[in-house]
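One-letter residues, chain by chain:
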Amino acid sequence: MSSTIPLAVEFTGGLELLFSNQRKHQISVPSSDSKGAPSNVGYLVKWLCENLIKDPRKEMFVLDHSVRPGILVLINDADWELEGEDKYELQANDEIVFVSTLHGG
Amino acid sequence: MPPHLCQLCHTSRAQILRPKNHARLCAPCFISTFEIEIASTITTSHLFHPGERIAIGASGGKDSTVLASVLQTLNERHGWGLDLVLLSIDEGITGYRDHSLEAVKRNSAELGLPLSIVSYEELYGWSMDQVVAQVGRGGKGNCTYCGVFRRQALDRGAAGLGVRHVVTGHNADDVAETVVMNLLRGDLPRLGRGTSVVTSMPSAVGMGTGKEWEGKGRVGEVACTSVKRSKPLMWAYEKEIVLYAHHKKLDYFSTECIYSPEAFRGSARTLIKNLERIRPESIMDVVRSGIDMAKLVPNAEGGPGSGKPEAVQRDAGEDAEGGCGGSNGEDAGGEMAQMERKLQQDEQAEEDGTETEIKIPTKAVNGQRHDRDTQTSATAAALTSNVNGQDHDRHTHPPSNTTTTVPIRTKQEKKSNRKATRDTPPPKQRLGQCERCGYLSSQAVCKACMLLEGLNKARPRTGIEVGGAGG
Ligand SMILES: [Zn+2]
Ligand SMILES: [Zn+2]
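What comes next concerns the included structure. (Residues numbered from 1 in each chain as written. Chains lettered and ligands numbered in written order. Predicted model: local features only at pLDDT ≥ 70, side-chain atom pairs only at ≥ 80, totals over all residues. Heavy atoms only, no water.)

## Structural notes on the overall build of chain A
No. 1: Helices and strands together make up the secondary structure of chain A, namely one helix and seven strands.
No. 2: Going from N to C terminus, chain A has its helices and strands arranged as β-β-α-β-β-β-β-β.
No. 3: Taken over C-alpha atoms, the radius of gyration comes to 13 Å for chain A, in line with the 13 Å a tight globule of 105 residues would show.
No. 4: Buried residues in chain A amount to 52% of all 105 residues.
No. 5: If you take every contact in chain A between residues at least 6 apart in sequence, the share linking residues at least 24 apart comes to 58%. (Helix = DSSP H or I, 4+ residues; strand = E, 2+ residues; numbered from the N terminus. Rg over C-alpha atoms; globule rule 2.2 N^0.38 Å. Buried < 20%, exposed > 50% of the residue type's maximum accessible area, 1.4 Å probe, protein only. Contact = heavy atoms within 4.5 Å.)

Written as structure tokens, this is what we have:
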């Protein structure tokens, strides 16, 4: 058993409905993926789909193994595009926020 | 990797990658840039006049929440003297609208803006829950009822407040979706309305039942007004609206309407979002293309043959009702046309059946204000001058695009300017008001009254079968 990375993840904009209707979650993910590479955001998304999502409609969160277009990802409050997107390597206590823009009002 | 620095202040860490120009900004610089651009849309389009009383169509969702917050901020910052009110529609959808209205109430308190709520139940005698119980669930009919009812409800709500201008939270992504939907339907004449920042709908807001109309002079009973509609956020990406709400920690409600089966809009939306992931500029390019194409369509709303100021996209009454949710009836065409045909058939079959009384409460249109005379010239200048530092999309667009920049004054518009109907005119077509409720309509009975008649006759499952069978 390798070490884990503690993270704060948050789901807003309607995405929380897929995750027990709870916005904030404190989680710990393995520090490396199955191939031994350091865990990145792409790995986190896969991990969330396997471990945290409660709703069967996983396609509302992930499409084609990537975060569904229209969902914004913030890494420590910055657009993930500025941080390397799914290649960003997770650090202890990172805050990762997923915000859906897809839901109306 | 070292953090990117904000391209504006060069000191803080960049947090936002702007979709339209790939600029990297810190949150404070992003927020001020976003506000400057909305102010620019407002001033260059001469959207408001000083002291104007404006209703913000507030759903509790992200777009209208951001719109209310930004307008309040800009109004105070620039001393525009606007009299802002929140106007919400309560469709009567348990588990959806009741929750979102709570968000509107919190915003009302937070922003210190008065809130007015008009309900379908009070206006029409039917909540959407009751309509769905009547016509059945799961078909397209629900959204048609809701869209037709919403448009009138906003106008009547505005009239009740003495407001002549309603602003809605439609954003660039919404407009791009609408352009794509109209293209896919081959509905080029409708492109103009969806893509213009201002739509103007003169509407008769005489409040009364059909009975009250009988034998009475209409003049004096009916207060005709012109409720202008505009979309101050139409040049703002949905991503930036959501990020603005996030970084300003605004309180909004997000969920889907429990009755929304708008598969077609959903597909258009998915297409737009997929394009954005690959090439974010696509969204604004679709919007611009929609504007340019609208100008090429003869006799369309805003097209070359329409014979009216280019900036004012006339809604032509309710000729293009339908649609649901965020669309506010600005796009859907096909479903309503089908519904209309069916209702007309029903009407013919009924011949002169029993007169159905339409429940629309009588409300005086009072307190209408014209504050132009009281404005100070300084305030006027604030609303017409350019905002410093603006970097607005429109400025990079060819100057031939006047669709969104001509000053808006709609009261002088003549009825003869009404849009030519694309299809063969339905029976009993005429220009004027609904004979039952007084709402502006090209037909003797407006769509809402037609729908209500169907409901009140308790004809089972009318709407649904129309949507499915196609007449
Ligand atoms: Zn900055
Ligand atoms: Zn009517």
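## What about the coordination of the zinc ion (ligand 2)?
Octahedral metal centres with six donors ideally show angles of 90 or 180 degrees, and tetrahedral centres with four donors ideally show 109.5 degrees.
Residues and elements named next belong to chain B.
No. 1: Taken together, the protein ligands of the zinc ion (ligand 2) are Cys 434 (SG), Cys 437 (SG), Cys 446 (SG) and Cys 449 (SG), with distances of 2.2 to 2.3 Å.
No. 2: Seen from the zinc ion (ligand 2), its four donor atoms lie at angles of 106 to 113°, and the figure they make is tetrahedral.
No. 3: Mapping the donors of the zinc ion (ligand 2) onto the primary sequence gives the spacing C-x2-C-x8-C-x2-C. One end of the pair, Cys 434, is in the loop between strand S10 (429–433) and strand S11 (440–443); the other, Cys 446, is in the loop between S11 and helix H16 (447–456), and 12 residues separate them in sequence. Each member of the pair Cys 434 and Cys 446 is classed as buried. (Donors = N, O, S within 2.8 Å, 3.2 Å for Na, K, Ca; no water. Tetrahedral: all angles 85-135°; square planar, octahedral: opposite > 155°, others 65-115°.)

## Considering the coordination of the zinc ion (ligand 1)
Residue and element names in this part refer to chain B.
No. 1: Distances from the zinc ion (ligand 1) to its protein donors, Cys 6 (SG), Cys 9 (SG), Cys 26 (SG) and Cys 29 (SG), fall at 2.2 to 2.4 Å.
No. 2: Classification of the site at the zinc ion (ligand 1) as tetrahedral follows from its four donor atoms and the range of 101 to 116° in their angles at the metal.
No. 3: Along the chain, the residues donating to the zinc ion (ligand 1) fall in the pattern C-x2-C-x16-C-x2-C. In this pair, Cys 9 is assigned in the segment before strand S1 (16–17) and Cys 26 in the loop between strand S2 (24–25) and helix H1 (27–44), connecting sequence segments 17 residues apart.
No. 4: Taking the relative accessible area as the measure of exposure, Cys 9 reaches 29% and is therefore partly exposed.

## Thoughts on the nonpolar core
Residue and element names in this part refer to chain B.
No. 1: Formed by 64 residues in total, the largest nonpolar core has its most connected members in Phe 30, Phe 34, Ile 38, Ile 42, Phe 48, Ile 56 and Leu 71.
No. 2: At eight residues, the largest contribution of residues to this core is made by H1.
No. 3: Not counting chain neighbours up to four residues away, the residues in contact with Ile 42 comprise Leu 47, Phe 48, Leu 71, Leu 74, Trp 80, Pro 232 and Leu 383.
No. 4: Judged by nonpolar contacts, the second largest core, of 40 residues, contains Tyr 96, Val 118, Val 227 and Cys 446. (Core = buried A, V, L, I, M, F, W, Y, C linked by side-chain atoms within 4.5 Å.)

## Here we look at the sheet that holds strand S5 (residues 71–75) of chain A
Residues and elements named next belong to chain A.
No. 1: Across the sheet, which stays open at both edges, the five strands sit in the order S2-S1-S7-S5-S6 with mixed pairing between neighbours. For this open sheet the edge positions go to strand S2 (24–30) and strand S6 (78–79), each flanked by a neighbour on one side alone.
No. 2: Of the strand pairs in this sheet, S5 and S6 are connected by two bridges, and their pairing is antiparallel. Looking at the pairing, Leu 74 lines up with Asp 79 of S6.
No. 3: The sheet strands contacting helix H1 (residues 41–51) are strand S1 (4–12), S2, S5 and strand S7 (94–100), and the helix crosses S2 at an angle near 110°. (Pairing = 2+ DSSP bridges. Axes fitted to C-alpha atoms, helices over the stretch in contact; angles between N-to-C directions.)

## Comments concerning unusual backbone geometry
No. 1: For Ser 20 of chain A, which is not a glycine, the phi torsion comes out positive at approximately 60°.
No. 2: Inspection of the secondary structure puts Ser 20 of chain A in the loop between S1 and S2.
No. 3: Relative accessible area serves as the criterion here: at 41%, Ser 20 of chain A is assigned to the partly exposed category.
No. 4: The residue His 10 of chain B is not glycine, and still its phi comes out positive at about 60°.
No. 5: Within the secondary structure, His 10 of chain B is located in the segment before S1.

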